[in-house]
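For reference, the chains in residue letters:
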Amino acid sequence: LFGHVEPAPKDPILGVTEAFLADPSPDKVNVGVGAYRDDNGKPVVLECVREAERRIAGNLNMEYLPMGGSIKMIEESLKLAYGEDSDFIKDKRIAAVQALSGTGACRLFADFQRRFLPNSQIYIPTPTWSNHHNIWRDAQVPQRTFTYYHPESRGLDFAGLMDDIKNAPNGSFFLLHACAHNPTGVDPTEEQWREISYQFKIKNHFPFFDMAYQGFASGDPERDAKAIRIFLEDGHQIGCAQSYAKNMGLYGQRAGCLSILCEDEMQAVSVKSQLQQIARPMYSNPPVHGALVVSIILNDPELKSLWLKEVKGMADRIIGMRKALRENLEGLGSPLSWDHITNQIGMFCYSGITPEQVDRLTNEYHIYMTRNGRISMAGVTTGNVAYLANAIHEVTKT
Ligand code: LMR
């Protein structure tokens, strides 16, 4: 019956974790998946999360959440993305549902797009998080790409980006990374975001923001929402996928939110009901634990400020590791420029290391990373940075 089923190709990111786990070498280093580690290379549960869990303990029943998820968690998520005093929230113009983290939020949106805008396409940046392609493919929304990264400068190809925005048919859907672009670590400046927003307005494009790393770009979630706020000020309707995987370290809890800013309250009610209808046959309703943790933290001023401090702590450790990796490479006398390690931001460094060099890093040095040369800086520690730098130097020197 299933004889024709071939093994699926390995996932370019999660397949790296599988290979890392299977490697018995004591020297092995995982800079593949974007998951934060402390300076001992250990996964972290934030203190604010521990405290929220203490408050939940004993108080939790195991009832279903509504199809659209926790109302409290959604309210807090909207404040985080749209601003504490947002008129759009007051006017109830935002249709929002709890989602299975950022992936689930993107997928719900893609399915919504397919169902209600069947002739639309999605413009996806080159490069992007590999799973974006899978998500819109499985939702059967045709994909186009737009220019984003400039390999020579290892920065933003702003001219190419603007050209592609101008050349796309009016009213196109664009996937934008709200901050800390994955995999490049390259974000537009505030001024560039304003120009992008202006051009979107002229073209009547719809921006869908994937905000998986709010807090990891600048260390401050409020600042990291700047791109979204610019688009809101300019009067766009937007969509937004939020994830608490990285900024609250709730990876396995699958806590996230999908929101769509509508024209008015009535439209928002309809859109939300349809999003719930898409969720119901897939998973009925989202999981309760992570949603409780998120709403307790964001709803309590003391816990929220502890969270903000902890997010900044994670972002700062990563910045420190960028500096250390670059200095180590320079100290080894690498003839190449490694400025981009410290110029890029967020969790990733788009190193420029070729797929063949990555293979050597893995085979000869037990260093695991995606073949596009992305280094998850969150996996770099004071204990492994010298080893990593040495290996990179060995495979990149000519
Ligand atoms: C990543 O890019 O490494 C993360 O978003 C994890 C994932 O699911 O791919």
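Quick note: structure is the one above.
Residues numbered from 1 in each chain as written. Predicted model: local features only at pLDDT ≥ 70, side-chain atom pairs only at ≥ 80, totals over all residues. Heavy atoms only, no water.

Focus on the pairing of strand E2 (residues 94-100)
Then step 1. E2 sits mainly inside the fold: 6 of its 7 residues count as buried.
Then step 2. As paired elements, E2 and strand E10 (residues 255-261) share 7 bridges and run antiparallel to each other. When the sheet's bridge partners are listed, alanine 99 is paired in E10 with glycine 256. (Buried < 20%, exposed > 50% of the residue type's maximum accessible area, 1.4 Å probe, protein only. Helix = DSSP H or I, 4+ residues; strand = E, 2+ residues; numbered from the N terminus. Pairing = 2+ DSSP bridges.)

With respect to the side chain of serine 197
Then step 1. Position of serine 197 relative to the elements: it lies in helix H8 (residues 190-203).
Then step 2. The exposure class assigned to serine 197 is buried, which follows from its relative accessible area of 0%.
Then step 3. Side-chain polar atoms of serine 197 contact the side chain of aspartate 234, separated by 2.5 Å.
Then step 4. Residues within four places of serine 197 in sequence aside, it is in contact with Ile230, Phe231, Asp234 and His236. (Polar contact = N/O pair within 3.5 Å; in protein donor to acceptor, adjacent residues only side chain to side chain. Contact = heavy atoms within 4.5 Å.)

Quick look at helix H3 (residues 71-82)
Then step 1. Taking 1.5 Å per residue as the helical rise, H3 with its 12 residues ought to reach 16 Å, and the 16 Å between its terminal C-alpha atoms agrees with that figure.
Then step 2. Note on H3: the residue one or two positions beyond its end, glycine 83, has a positive phi of about 110°. (Expected span 1.5 Å × (residues − 1).)

A few points about the environment of isoleucine 278
Then step 1. Tracing the backbone shows isoleucine 278 in helix H11 (residues 265-283).
Then step 2. For isoleucine 278, a relative accessible area of 4% corresponds to the buried category.
Then step 3. Sequence separation between isoleucine 278 and leucine 108 is 170 residues, and the spatial gap between their C-alpha atoms is 7.1 Å.
Then step 4. Isoleucine 278 has contacts with Leu108, Asp111, Phe112 and Arg115, leaving out every residue within four places of it along the chain.

Overview of the packing of helix H2 (residues 47-56) against helix H12 (residues 289-299)
Then step 1. For the pair H2 and H12, interaxial distance at closest approach is 9 Å and the crossing angle is 110°. On the basis of the axis angle, H2 is roughly perpendicular to H12. Here Cys48, Val49, Ala52, Glu53, Arg55 and Ile56 of H2 come into contact with H12, specifically with His289, Leu292, Val293, Ile296 and Ile297.
Then step 2. Of the residues belonging to the contact of H2 with H12, the class tally is 8 nonpolar, 1 polar and 2 charged. (Axes fitted to C-alpha atoms, helices over the stretch in contact; angles between N-to-C directions. Parallel < 35°, antiparallel > 145°, perpendicular 65-115°, else oblique. Nonpolar A, V, L, I, M, F, W, Y, C, P; charged D, E, K, R; others polar.)

Focus: the packing of aromatic side chains
Then step 1. The full count for this structure, using the stated rule, is 19 aromatic pairs.
Then step 2. An angle of 40° between the planes, with centres 6.3 Å apart, marks the rings of phenylalanine 109 and phenylalanine 173 as tilted. Of this pair, phenylalanine 109 sits in helix H5 (residues 101-116) while phenylalanine 173 sits in strand E7 (residues 173-177); the two residues are 64 residues apart in sequence, bridging distant segments of the chain.
Then step 3. For phenylalanine 109, a relative accessible area of 1% gives the class buried.
Then step 4. Here the aromatic rings of tyrosine 213 and phenylalanine 216 are separated by 6.4 Å at their centres, their planes lie at 80°, and the arrangement is edge-to-face. Each member of the pair, tyrosine 213 together with phenylalanine 216, is buried.
Then step 5. Clustering of aromatic rings is evident, with ring pairs tying together Phe109, Phe112, Phe116, Trp136, Phe173, Phe206 and Phe208.
Then step 6. Sitting over the ring of phenylalanine 20, lysine 28 keeps its end group 4.5 Å from the ring centre. (Phe/Tyr/Trp six-rings, centres within 6.5 Å; stacked < 30°, edge-to-face > 60°. Lys NZ or Arg CZ within 6 Å of the ring centre and 35° of its normal.)

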